[in-house]
Every structure is written in structure tokens, then in C-alpha cells.
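What follows is the residue order along each chain.
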Amino acid sequence: MKDDCIFCKLANGIIPTNSLYEDEKFKVILDANPATKGHALILPKEHADNIYDLPDDTAAEAFVLAKKLSAKMRDRLHADGFNIVQNNGEVAGQTVFHFHLHLIPRYADDGQVIGWKPGKPSAEELQKTAALLSE
Ligand code: 5GP
Ligand code: ZN
């Protein structure tokens with residue numbers, strides 16, 4: 001646990017909060033500033049700043065948990081779709097530096113925009129990038 005980390009405190013019950021789910025490794029809470037109704041955060045109890053620091057088993061279990069909760073949100077909140085968002089680094093929109101997965105139920109009329117501007121790289125550029133990453 002990192003002393004000055006708000007998500008460590010929320011995940012480990014130092015600061016009380018709502019809880020949708022809890023086990024020995026994770027706590028799932030509602031986001032205080034939700035994009036949509038039901039927007040939740042999967043918080044590992046053990047501190048990791050971001051995905052680079054996250055243990056493999058925690059990464060795998062977090063996604064399985066996201067899968068279970070997505071089905072629950074679809075059924076109980078009648079969500080029409082679902083985004084899973086995970087930001088790493090300030091430039092990518094991370095504001096709390098304790099790894100978390102955003103679970104964002106989507107509704108036909110929710111008016112949210114979650115995404116990016118599509119680029120138009122040449123075939124050569126795409127091939128170069130693929131080569132760089134597959135080496
Ligand atoms: P990030 O931008 O790091 O991916 O996401 C941080 C998220 O944490 C934001 O959506 C923000 O609303 C949420 N958040 C920040 N502080 C608190 C808090 O004290 N309680 C809860 N429930 N959510 C928080
Ligand atoms: Zn933390």
C-alpha cells in the first residue's frame with residue numbers, strides 16, 4: 001500500500017466508499033464523476049502505478065472480473081453497450097496513478113464520446129510500425 005495514494009485507501013477500506021464487488025485482490029467501486037450510469041472502477045488492492053508495473057496474474061484476473069461485471073451491467077442496468085478503458089500516463093489521460101480499469105456501460109442516448117480521431121497512415125508506414133513491434 002502506498003501511503004499517499006487515494007485508490008490504495010479506497011481499495012483497502014482506509015477510506016469508506018460504495019462497493020460493487022470485493023475479494024482478496026480487488027475492490028470495484030463507482031466512479032465519483034461517472035461518464036454514464038454505472039461507470040465503475042476495478043481497483044487492485046496492491047498498488048501498481050500503471051500497466052507497466054502490474055503483475056501478470058493481476059492483469060489477467062482484472063480482465064476476467066471486467067467480463068463478469070460487464071454482463072451484470074448489461075442485465076441489471078440494461079446497458080446497450082460497454083467500454084473498458086484503461087489509461088496509462090498523463091498524456092493518455094491518467095489522473096490517478098494507481099492502476100485501474102474503467103467499466104463504462106453505454107446507453108443508446110448517453111451522448112458520450114469515448115474514442116479517438118482515426119489516422120490515415122500509408123501502407124508502408126503501417127508495415128514499418130508492425131515490423132518495429134514484431135521484432
Ligand atoms: P483516470 O483519469 O486516472 O483514468 O481515472 C481516474 C478516475 O477516478 C476518474 O474517472 C475520476 O472521476 C475517478 N476518481 C478520482 N478520485 C476519486 C475518488 O476519490 N473516488 C472515486 N469513486 N472516484 C474517483
Ligand atoms: Zn495505490
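Structure: see above.
Residues numbered from 1 in each chain as written. Chains lettered and ligands numbered in written order. Predicted model: local features only at pLDDT ≥ 70, side-chain atom pairs only at ≥ 80, totals over all residues. Heavy atoms only, no water.

Q: Can you walk me through the side chain of His 102 in this structure?
A: Following the sequence through the fold, His 102 ends up in strand S5 (residues 101-106). For His 102, a relative accessible area of 13% gives the class buried. A polar side-chain atom of His 102 sits 2.8 Å from a polar atom in the side chain of His 39. A distance of 3.5 Å separates the side chain of His 102 from the side chain of His 100, its partner in a polar contact. Excluding anything up to four places from it in sequence, His 102 contacts Asp 31, His 39, Ala 40, Leu 41, Asn 83, Ile 84, Val 85 and Asn 87. (Helix = DSSP H or I, 4+ residues; strand = E, 2+ residues; numbered from the N terminus. Buried < 20%, exposed > 50% of the residue type's maximum accessible area, 1.4 Å probe, protein only. Polar contact = N/O pair within 3.5 Å; in protein donor to acceptor, adjacent residues only side chain to side chain. Contact = heavy atoms within 4.5 Å.)

Q: For this particular structure, what's the right way to read the site of ligand 1?
A: Inspection of the region around ligand 1 gives 16 residues, with Leu 30, Asp 31, Gly 93, Thr 95 and His 102 positioned closest. Backbone polar atom of Gly 93 to an oxygen atom of ligand 1: 2.8 Å apart, as the coordinates give it. Between ligand 1 and the protein, one listed contact pairs an oxygen atom with a side-chain N or O atom of His 100 at 2.9 Å. Summarising the interface, the protein chains cover 79% of the accessible area of ligand 1, which totals 520 Å² for the free molecule. Those elements that provide at least two residues to the shell around ligand 1 are helix H1 (6-11) and strand S2 (26-30). (Near = heavy atom within 4 Å. Areas by Shrake-Rupley, 256 points an atom, 1.4 Å probe, with all protein chains shown as cover.)

Q: I keep staring at the coordination of the zinc ion (ligand 2) and nothing clicks. Help me out?
A: Each pair of donors in an ideal four-coordinate tetrahedral metal site encloses 109.5 degrees, whereas pairs in an ideal six-coordinate octahedral site enclose 90 or 180 degrees. Protein-derived ligands of the zinc ion (ligand 2) are Cys 5 (SG), Cys 8 (SG), His 47 (ND1) and His 98 (ND1), with the metal-ligand distances lying across 2.0 to 2.3 Å. Of note, the donors binding the zinc ion (ligand 2) are all from one chain and are spaced C-x2-C-x38-H-x50-H. Taken together, the positions of Cys 5 in the segment before H1 and His 98 in the loop between strand S4 (81-85) and S5 put the pair 93 residues apart, joining distant regions of the chain. (Donors = N, O, S within 2.8 Å, 3.2 Å for Na, K, Ca; no water.)

Q: What should I look at first to understand helix H2 (residues 56-77) in this one?
A: Think of an α-helix as 3.6 residues a turn; residues three or four steps apart then line up on the same face. For H2, which comprises 22 residues, the first-to-last C-alpha distance of 31 Å matches the rise-based estimate of 32 Å (1.5 Å per residue) to within 8%. Looking at H2, one finds that the buried residues are Thr 58, Ala 62, Leu 65, Ala 66, Leu 69, Ser 70 and Met 73. Axial view of H2: buried residues confined to an arc of 155°, hence all on one face. In H2, the exposed positions that point more than 90 degrees away from the buried face belong to Asp 56, Phe 63, Lys 67 and Lys 68. Looking at the buried positions of H2, the neighbouring elements they touch are strand S1 (21-22), S2, strand S3 (40-44), S4 and S5. (Expected span 1.5 Å × (residues − 1). Arc of directions from axis to C-beta.)

Q: Mind showing me how you'd approach the environment of Lys 27 here?
A: Locating Lys 27 in the fold gives a position in strand S2. Distance from Lys 27 to Asn 12, taken between C-alpha atoms, is 7.8 Å for residues 15 residues apart in sequence. Look past the residues within four positions of Lys 27 in its chain and what remains in contact with it is Leu 10, Ala 11, Gly 13, Thr 17, Ser 19, Tyr 21, Glu 22, Leu 41, Ile 42, Leu 43 and Lys 45.

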